[in-house]
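# A closer look at the structure
Each chain, letter by letter, is given below.
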Amino acid sequence: MNKVSEQGNSAPSPLPPRGLSLGWRLALSAALIIMLVMGVVSVSQQLFMLEKDRQVHEMLLKTSLVPLAVRLEAAFTLDSMRQEMEQFHDAYVKLGYPVHEVILVDTAGKQILSTDAAMTLEKTGHFFLAEIPISSPVLSGGTGALKVLKSNEEYRKAVIRNWSLWAAHFSITVGAVFLFLAIALYYQVTKPINRLVQGIRKMEMGYWGPVELSRGAWEIRWLAWRFGNMVQEVRNVVTHLFEAEQKSRPLMVRTGKEIQLTDSSRFRNPVDPVSDATNDPEYQELLNICRRLETAAATDRLAIQIARGIWQRESLMADQLGYHHLKTRLEDAALRLMEPEASAALESQLAGLKKSWQGWVVQHRDDLRLLMEKHGIPCVAVLHRVKHMAGVWTKMQSKGLNQEEVQDLFAFRIVVPTEADCYTALGVIHHAYKPLIGRFKDYIARPKENGYQSLHTCVTLKNGPVFEVQIRSIVMDQQAERGSAAHWTYKKQGRAADQLSAKNDWWHKLRWWS
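Bringing the sheet that holds strand β2 (residues 111–114) into the picture now. Strand order in the open sheet made by the four strands is β2-β1-β4-β3, with antiparallel pairing throughout. Where the open sheet ends on each side, the last strands, each with one partner, are β2 and β3 (127–135). On average, adjacent strands in this sheet sit at an angle of 20 degrees to one another, irrespective of strand direction. Here three bridges tie strand β1 (residues 100–106) to β2, and the two strands are oriented antiparallel to one another. Counterpart to V105 in the pairing with β2 is Q111. Helix α2 (residues 66–74) rests against β1, β3 and β4 (143–151) of the sheet, and its axis sits at about 35 degrees to β3.

Below you can see the structure in the form of structure tokens.
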């Protein structure tokens with residue numbers, strides 16, 4: 001037998017560096033998102049309004065040139081045109097617009113007249129510019145353009161004021177949003193989380209109790225409730241382990257020489273069948289249906305309907321009647337029809353896994369038997385199994401697990417003569433392997449409602465997978481395998497165990513299909 005790996009205490013992971021609290025992070029993140037969205041929208045709107053305002057200014061300037069353009073088109077000499085332009089400029093100066101210069105250009109863009117000799121079209125960087133075309137025989141080519149330039153100094157000052165007001169308004173809005181978010185998140189998130197953290201710290205110091213949260217976000221209140229339940233579960237598990245270890249300790253001091261097995265005729269081998277079930281008519285009916293399901297096409301609607309009924313009732317009935325292998329075949333065949341893609345992917349994964357770990361399973365079955373013999377524990381049988389495809393899929397769906405997270409994929413069952421031997425075997429298993437504390441169940445001290453009794457524990461090796469070990473006495477095993485405590489009946493949550501007498505209608509449908 002390979003040497004079983006020693007239990008080791010893994011070092012605790014280091015405390016993560018402290019940073020901003022969740023409330024502050026959420027408030028800052030929300031404020032940043034709001035600031036970006038509001039900033040983009042409001043800046044775009046502000047730029048649009050400023051551009052619109054600029055276009056209005058230029059349109060007004062263009063409109064102001066219409067009377068002058070009419071008079072220039074009626075003039076017959078350049079001198080008369082110059083006089084009209086000067087009168088136009090003087091009128092604007094009297095109205096308070098000293099910088100309102102007019103320039104007349106010909107078709108080629110050459111400057112002909114200007115109200116300011118120093119003003120040229122190249123010096124228009126700080127001016128609004130508008131123009132309208134005119135026609136006059138005085139101009140070269142008969143056409144030209146009248147352009148007006150107005151200082152935009154006041155406009156630029158107004159733009160600066162608008163941006164300043166926008167910045168103040170934006171800052172106040174973002175600040176107010178951040179403040180209200182921080183207050184809301186403090187009462188909904190930060191404060192409840194702080195109470196939850198305080199409760200966890202108390203648990204670390206040994207003061208295990210529920211964390212009461214009446215206010216706050218639902219998820220945080222759910223976490224507090226879940227932590228309270230987990231604390232109770234851990235306390236129950238630890239209590240069960242303590243009681244089990246207390247029961248096994250006085251028994252483990254015995255050696256193999258001190259244990260004399262009773263005549264084996266007193267015990268029935270748990271793997272021997274009570275009777276030949278293959279001759280039962282119900283077994284034959286279910287076997288025929290199973291074979292039809294295994295060969296049916298995934299597009300056969302009637303087969304899919306039958307498969308759903310098999311999944312809900314008939315596989316349960318097969319297990320209650322003791323047809324455990326047939327129940328496994330029925331479930332796998334039904335799943336293949338109901339969920340063809342998922343079953344194909346899962347079947348491929350499990351096939352590779354079973355092939356790679358087949359030798360490991362057989363080896364550790366023998367290791368467990370030798371381990372029991374080494375410590376003088378009378379071992380009637382050590383069985384092993386790899387969880388079938390439908391069982392894996394059901395557990396994944398009911399508990400939201402990935403295939404890698406299913407911890408009872410490999411399972412061993414140790415059958416011993418008496419209840420006392422169960423606890424002795426448990427102590428040996430926990431001493432030789434590393435147990436997963438949260439996965440220990442003592443169904444002997446606290447049986448299931450249907451009477452099922454057994455010790456369940458999950459253990460692991462240093463370089464191996466997690467696997468489940470079930471420890472039962474002969475009586476417990478016979479009751480579980482053939483009695484009312486069939487293991488499958490309490491594993492299938494949400495699938496009601498109807499009485500066998502209520503099966504007639506569905507049974508007729510099965511017979512008709514077969």
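What follows continues from the structure just given.
Turning our attention to the pattern of salt bridges. In this structure the tally under the stated criterion is nine salt bridges. Among the ionic pairs, D79 bridges to R82, the shortest N-O distance being 2.9 Å. Of this pair, D79 and R82 both sit in helix α3 (residues 78–94), three residues apart, which is roughly one turn of that helix. On the accessibility criterion, D79 (48% relative accessible area) is partly exposed.

On the secondary structure map, S64 appears in helix α1 (residues 22–64). Take S64: its relative accessible area is 14%, and that puts it in the buried class. Contact partners of S64, with chain neighbours within four places excluded, come to F88, Y92 and H100.

So, on to the packing of helix α8 (residues 324–338) against helix α10 (residues 389–399). The geometry of α8 relative to α10 is characterised by a closest axis approach of 8 Å and an angle of 65 degrees between their N-to-C directions. For the pair α8 and α10, the contacting residues are E331, D332 and L335 in the first and M389, A390 and W393 in the second. Of the residues assigned to the contact of α8 with α10, the class counts are four nonpolar, no polar and two charged.

So, about the pairing of β1. Buried residues dominate β1, accounting for seven of its seven residues. Along β1, one buried face is formed by H100, V102, L104 and D106 and the opposite face, lined by E101, I103 and V105, is buried too. As defined by bridge partners, β1 adjoins β4 across seven bridges and the pair is classed as antiparallel. Residue pairing for β4: I103 is matched across the bridge by K147. Hairpin connection, β1 to β2: the antiparallel pair is bridged by four residues, and G109 has positive phi, about 85 degrees.

Note on placement: L330 falls in helix α8. Residues L330 and A318, twelve residues apart in the sequence, show an inter-C-alpha distance of 8.9 Å.

Within the secondary structure layout, G309 lies in helix α7 (residues 301–320). Along the backbone, G309 and A334 are 25 residues apart, and their C-alpha atoms lie at a distance of 8.8 Å.

Aromatic ring pairs are described here by two measures, namely the spacing of the ring centres and the angle between the planes. This model, assessed by the stated rule, comprises nine aromatic pairs. Their ring planes at 50 degrees and their centres at 5.0 Å tell us that F88 and Y92 sit as a pair that is tilted. Here the residue F88 and the residue Y92 both occupy positions in helix α3, the gap between them amounting to four residues, near one helical turn. With respect to class, F88 is no different from Y92; both count as buried. Judged by centre distance (5.1 Å) and plane angle (10 degrees), the rings of W166 and F170 are stacked. Here F170 and W166 lie together in helix α4 (residues 153–204), a separation of four residues that amounts to about one turn. Looking at F170, the relative accessible area reads 13%, which means it is buried. The rings of W360, F412, Y433 and F467 are connected pair by pair, giving a single aromatic cluster.

Take the environment of L337 next. Assignment of secondary structure puts L337 in helix α8. Taking the C-alpha atoms as reference points, L337 and R308, 29 residues apart in sequence, are found 8.7 Å from one another. Ignoring anything within four residues of it in the chain, the contact list for L337 reads L293, A296, A297, A298, A303, I304 and A307.

With that out of the way, let us pick up α2. All buried positions along α2 are accounted for by L68, A69 and L72. Along the axis of α2, the buried residues cluster in a sector spanning 100 degrees; they form a single face. Structurally, α2 contributes buried residues whose contacts are with α3, β1, β3 and β4.

For α3, built from 17 residues, the straight-helix expectation of 24 Å at 1.5 Å per residue is met to within 8% by its first-to-last C-alpha distance of 24 Å. Listed as buried for α3 are M81, M85, F88, H89 and Y92. One side of α3 holds all its buried residues, which, seen down the axis, span an arc of 95 degrees. Relative to its buried face, α3 has exposed residues pointing more than 90 degrees away, namely Q87 and K94.

Analysis parameters
- Residues numbered from 1 in each chain as written.
- Predicted model: local features only at pLDDT ≥ 70, side-chain atom pairs only at ≥ 80, totals over all residues.
- Heavy atoms only, no water.
- Pairing = 2+ DSSP bridges.
- Helix = DSSP H or I, 4+ residues; strand = E, 2+ residues; numbered from the N terminus.
- Axes fitted to C-alpha atoms, helices over the stretch in contact; angles between N-to-C directions.
- Contact = heavy atoms within 4.5 Å.
- Salt bridge = Lys/Arg side-chain N within 4 Å of Asp/Glu carboxyl O.
- Buried < 20%, exposed > 50% of the residue type's maximum accessible area, 1.4 Å probe, protein only.
- Nonpolar A, V, L, I, M, F, W, Y, C, P; charged D, E, K, R; others polar.
- Phe/Tyr/Trp six-rings, centres within 6.5 Å; stacked < 30°, edge-to-face > 60°.
- Arc of directions from axis to C-beta.
- Expected span 1.5 Å × (residues − 1).

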